[in-house]
Amino acid sequence: MRAKISNLSDNIDMIFKHKDLTGKASCVSWDGKGKLNWTAFGCKTEINNDTIKCSCSHLTFFAVLMIPQSDANITAPHLESLTLISSIGCGISMFFLSIGLFMHFLLRKAKSNQATKILMNMFVALSLLNASFLSNESVANTGDNTACVFIALLLHYSMLASFTWFFIQALHMYLWLIRQNVSITNYMRKITVLGWVCPAPIVVVIVSVEGYEAVILKAASGKITRMCWITNPYIHYIVNIGYYAVVFVFTTGIFIMIVTKVLQARNIKATEDKRKTFRKQLMMVLSLFLLFGLTWSVAFFSYGPMLIPSYYIFTVLNSFQGFFLFLYYYHIHNDVAGNFSDDPESTESIV
């Protein structure tokens, strides 16, 4: 009839029967225009045993959506605290990453080796990731679709670039500490192009299919948070989880090889104090975890009873990752006996 009927003085009541209620029932409506976007506005949901009553103040297309008890429902009470931890961690990481970049480009650039240059590229990628995350909500709240798509693209690109530099870091250590005596012409130029160009086609394809939009997250307290991100769950899992899974398999393999090699080398040198040796080994393992981005693998354990704990562990480790990497950078440039070297003979240098 092309008539907009709303704000009825007496609500329209609709009764739906069900046998097995799985999930949370919600009365929704659609205005019949554009994409099928259901909204609960103007409708109340009442559930009584095997009956669902929808009471709505307007006329349009109606339906009852059965919303499963998903991870989003379970984590809603923790959304605000996780967001606060992320914001604080990213802010601190952004500050110290900036200091690290300042120290490198203005004070120590001439003395930097290949390992330090790779670390600085990782600093840049993580700085972009933190900056785009911290500004994401503000951009989403403006309601500007173009700005939202841009910040989502930047956030996604910088995340994939960070994953790529984790991969390159592991590849570099493999070439110099495992293979050794490897000669590659224009080595730094090639891996720099790989690190920054590899994620670009992915975000271009997602933009072309309009995969970036504003996402609404609702906390248990009722507070609504808007973020610009990927709306399609299939794209998210295939691209992000798939991309990192490939990086994780490679970096984990190199991690095991390097740890084994270093431990074997130290078993030969049994003259050191055991406590000091253990401390060095622990620092080496923690450093590799950060450099290879293995802390992101905590997301793979976000199931069952480990769901909420893994979210907090993941949030703390990865939001503060920039700060931890700065401590590593500061350590290797101030510990005369432990400077990281590109010398393949120096297996002790990564501590």
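Thresholds, definitions, all that
All residue numbers refer to positions counted from 1 along the written sequence of the respective chain. Local features are withheld for residues below a pLDDT of 70 in this predicted model, meaning they are given only at 70 or higher, and side-chain atom pairs are given and counted only at 80 or more; totals for whole chains, interfaces and linings count all residues. To obtain the side-chain values, all non-hydrogen atoms of the structure were used and water was disregarded. Put simply, the grid is 1 Å and covers the protein atoms alone, a cavity is a trapped set of points that fit a 1.4 Å probe, a pocket is an open set with protein on both sides within 12 Å along at least five of seven lines, and lining residues have an atom within 4 Å of a point. Grid points are joined across faces, edges and corners, and a volume is the space filled by probe spheres set on the points. Polarity classes work like this: nonpolar for Ala, Val, Leu, Ile, Met, Phe, Trp, Tyr, Cys and Pro, charged for Asp, Glu, Lys and Arg, and polar for all others, with Gly in that last group. Comment: axis = line fitted to C-alpha atoms, over the contacting stretch for helices; angle = value between 0 and 180 degrees taken between N-to-C directions. In this text, helices come from DSSP runs of H or I with a minimum length of four residues, and strands from runs of E with a minimum of two, each type numbered from the N-terminal end. Working definition: roughly parallel below 35 degrees, roughly antiparallel above 145 degrees, roughly perpendicular at 65 to 115 degrees, and oblique for all remaining angles. Crossing handedness follows the turn of the near helix against the far one: under a right angle anticlockwise gives a left-handed crossing, and clockwise gives a right-handed one. It only takes one pair of heavy atoms within 4.5 Å for two residues to be counted as in contact. UniProt positions are given in the numbering used here, feature names are shortened, and annotations may be inferred rather than shown by experiment. Partly exposed describes any residue whose relative accessible area lies between the buried limit of under 20% and the exposed limit of over 50%, with all areas from a 1.4 Å probe on protein chains only and scaled to the type maximum. For two strands to be treated as a pair, DSSP must find at least two bridges joining them.

Trainee: Any chance you could explain the layout of surface pockets here in plain terms?
Mentor: By rolling a water-sized probe across the atoms, one finds the places where empty space is left. Quantified by volume, the second largest pocket comes out at close to 640 Å³. Taken together, 21 residues form the lining of the second largest pocket, with A3, K4, D31, L59 and T60 sitting closest to its centre. Broken down by class, the residue content of the lining of the second largest pocket amounts to 7 nonpolar, 10 polar and 4 charged.

Trainee: I tried to follow the packing of helix α3 (residues 114–142) against helix α10 (residues 321–332) on my own but got confused; where do I start?
Mentor: Think of two packed helices as two axes; the pair is described by the angle between the axes and how far apart they sit. The contact between α3 and α10 brings their axes to 11 Å, and the two run at 160°. Relative to α10, the element α3 lies roughly antiparallel. Considering how the two elements wind past one another, α3 and α10 form a crossing that is left-handed. Across the interface between the two elements, T116, L119, M120, M122, F123 and L126 from α3 touch Q321, L325, F326, Y328 and Y329 from α10. The class makeup of the residues in the contact of α3 with α10 is 9 nonpolar, 2 polar and no charged.

Trainee: Mind showing me how you'd approach the UniProt feature "transmembrane region" (unreviewed entry) in the protein chain here?
Mentor: When the UniProt feature table is mapped onto this chain, "transmembrane region" (unreviewed entry) is found at residues 84–106, 118–135, 155–178, 190–209, 241–263, 284–304 and 310–330. With 100% helix and 0% strand, the stretch residues 118–135 has end C-alpha atoms that lie 26 Å from each other. Span residues 310–330 is 95% helix and 0% strand, its end C-alpha atoms 29 Å apart.

Trainee: Would you explain the pairing of strand β4 (residues 51–56) in this entry?
Mentor: Both faces of the sheet carry side chains from a regular strand, because those side chains alternate between them. The buried count for β4 comes to 5 of 6 residues, which makes it a mostly enclosed element. When strand β1 (residues 12–17) meets β4, the two strands line up antiparallel, connected through 6 bridges. Each residue of the ladder has a partner; that of I15, found in β4, is K53. For strand β3 (residues 43–48) and β4, the ladder comprises 6 bridges, and the chain directions are antiparallel. Bridging from a neighbouring strand, T45 pairs with C54 of β4. Count of turn residues in the β3/β4 antiparallel hairpin: 2 residues, of which N49 carries a positive phi of about 55°.

Trainee: Looking at this model, I keep getting lost on the sheet that holds β1. Mind explaining?
Mentor: Strand pairs in the sheet, formed through backbone hydrogen bonds, run parallel or antiparallel to each other. Strand order in the open sheet formed by 3 strands is β1-β4-β3, with antiparallel pairing between adjacent strands. The open sheet has two free edges, formed respectively by β1 and β3, since each of these has just one partner strand. Across the sheet, the axes of successive neighbouring strands diverge by a mean angle of 20°, strand direction being ignored.

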